[in-house]
Amino acid sequence: MNSPLVEIDFTGWEQAHSRPEWTAAVEDGKVLYFPHLAFMVQPEETPLLREDMLASGSRNVSLGADAVLKGAGGSAGDQQKLATMIGRFRQQALQLVDGLLPEYKGKLRVAPTSFRPRQVETRAQSVRADDQRMHVDAFPSRPTYGERILRVFTNVNPQGAPRVWRVGDSFETIARKYLPHAKPYSLWQAKVLNALHVTKSLRSEYDHLMLQLHDLMKQDDDYQKNGTQLTMPFPPGSVWVCYSDQATHAVMSGQFMMEQTLYLPRGGEVNHQASPLAILTRLVGRPLAGVGEGSAR
Ligand code: SIN
Ligand code: FE
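Bear in mind the structure is a predicted one, so any value in this text is a computation, not a measurement.

**Q** Help me understand the sheet that holds strand E3 (residues 61-63), please; the structure alone is not making it clear to me.
**A** Sheet strands pair by backbone hydrogen bonding; their relative direction is either parallel or antiparallel. Reading across the sheet, the eight strands line up as E1-E2-E9-E6-E11-E5-E3-E4 and stay open at both edges, with mixed pairing between neighbours. Since the sheet does not close on itself, it has two edges, and those belong to strand E1 (5-7) and strand E4 (69-70), each with one partner. When strand E2 (residues 31-34) meets strand E9 (residues 239-243), the two strands line up antiparallel, connected through three bridges. Bridge assignment links Phe34 to a residue of E9, and that residue is Val239.

**Q** Quick question: what am I supposed to make of the coordination of the iron ion (ligand 2) here?
**A** For a metal bound by four donors in a tetrahedral arrangement, the ideal donor-metal-donor angle is 109.5 degrees, while six donors in an octahedral arrangement ideally sit at 90 or 180 degrees. Surrounding the iron ion (ligand 2) are the protein donor atoms His135 (NE2), Asp137 (OD) and His249 (NE2), which sit 2.0 to 2.2 Å from the metal. Ordering the donors of the iron ion (ligand 2) by residue number gives the pattern H-x1-D-x111-H. Of this pair, His135 sits in the loop between strand E5 (109-116) and strand E6 (148-155) while His249 is found in strand E10 (residues 249-253), placing the two residues 114 residues apart along the sequence. With relative accessibility at 1%, the residue His135 sits in the buried group.

**Q** Sorry if this is basic, but what is going on with the pattern of salt bridges here?
**A** Side-chain pairing between opposite charges can occur once the charged atoms of the two side chains come close. Tallied over the entire structure, the rule returns 16 salt bridges. For Asp78, the salt bridge goes to Arg50, with nearest N and O atoms at 3.0 Å. You can see Asp78 sitting in helix H2 (residues 76-100) and its partner Arg50 sitting in the loop between E2 and E3, a full 28 residues away along the chain. Of the charged contacts, one joins Arg148 and Glu269 as a salt bridge, the two residues approaching to 3.0 Å between their closest N and O atoms. One end of the pair, Arg148, is in strand E6; the other, Glu269, is in the loop between strand E11 (257-264) and helix H7 (276-284), and 121 residues separate them in sequence. Looking at Arg148, the relative accessible area reads 1%, which means it is buried. Taken together, the shared-partner salt bridges connect Arg116, Asp137, Arg151 and Glu259 into one network.

Definitions and limits used
Residues numbered from 1 in each chain as written. Chains lettered and ligands numbered in written order. Predicted model: local features only at pLDDT ≥ 70, side-chain atom pairs only at ≥ 80, totals over all residues. Heavy atoms only, no water. Pairing = 2+ DSSP bridges. Helix = DSSP H or I, 4+ residues; strand = E, 2+ residues; numbered from the N terminus. Donors = N, O, S within 2.8 Å, 3.2 Å for Na, K, Ca; no water. Buried < 20%, exposed > 50% of the residue type's maximum accessible area, 1.4 Å probe, protein only. Salt bridge = Lys/Arg side-chain N within 4 Å of Asp/Glu carboxyl O.

Below, the structure is given as structure tokens:
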């Protein structure tokens, strides 16, 4: 396996600049890793790094563009400080992406920023929901039609615990491995799921195949154990960026992370040919992501 990671030595958010080979690497499904780019947790924010800053029943705390905080526990004062901390990360993550990937300027849609105070290794989950299994991100309720999921992560663990990921094979490798086992797309089934509001819009054949890859990978115990993979402990004070719909990944352990998602419209890449949509289209041999496209069965 070629290294799935590219190290970049920025030591400050304002230092972010671009290089064509970094853009090409992230568009090729690599993880861009910034070992010396720290998000600075302020002394008055350290007490917020506790598990009960998450409201019971929530998976994550999130801060929207409207500055509204969702899913948070703690007192009103704690929540105000938490919103400030997450907001600062949001601004720095956007500054990083602006400098690092200027080709996307004006194209990206910014999702809410998330803070994840749960300990990964004690989370019990079904196979499909278990992110300790290698996967590419694909969400059952939210079809993307090829819109890309670019993510900026930082570890803010106060005790020095790394966020341990596994990263693995290229998207094309796993697409070739699992496509032959994928259930065929069914337009009528997609219509039923949409009518029942299981999906927020009609699931395209692309979204169906992405979910199939996600599920088939997670269900494959042999691949989970013996597939090509590199264990990567991301220490506190580091940042990493990847297209999580393309980079095969799993999170094994860690606690206290922040994450910023940015959506790039379909076809907005510098090299669209490297994208999951282009790879799947080539392998299947027909268009996959138009509304209602695909072989209706
Ligand atoms: C994931 O996208 O699989 C989760 C990443 C993480 O929590 O570190
Ligand atoms: Fe994931």
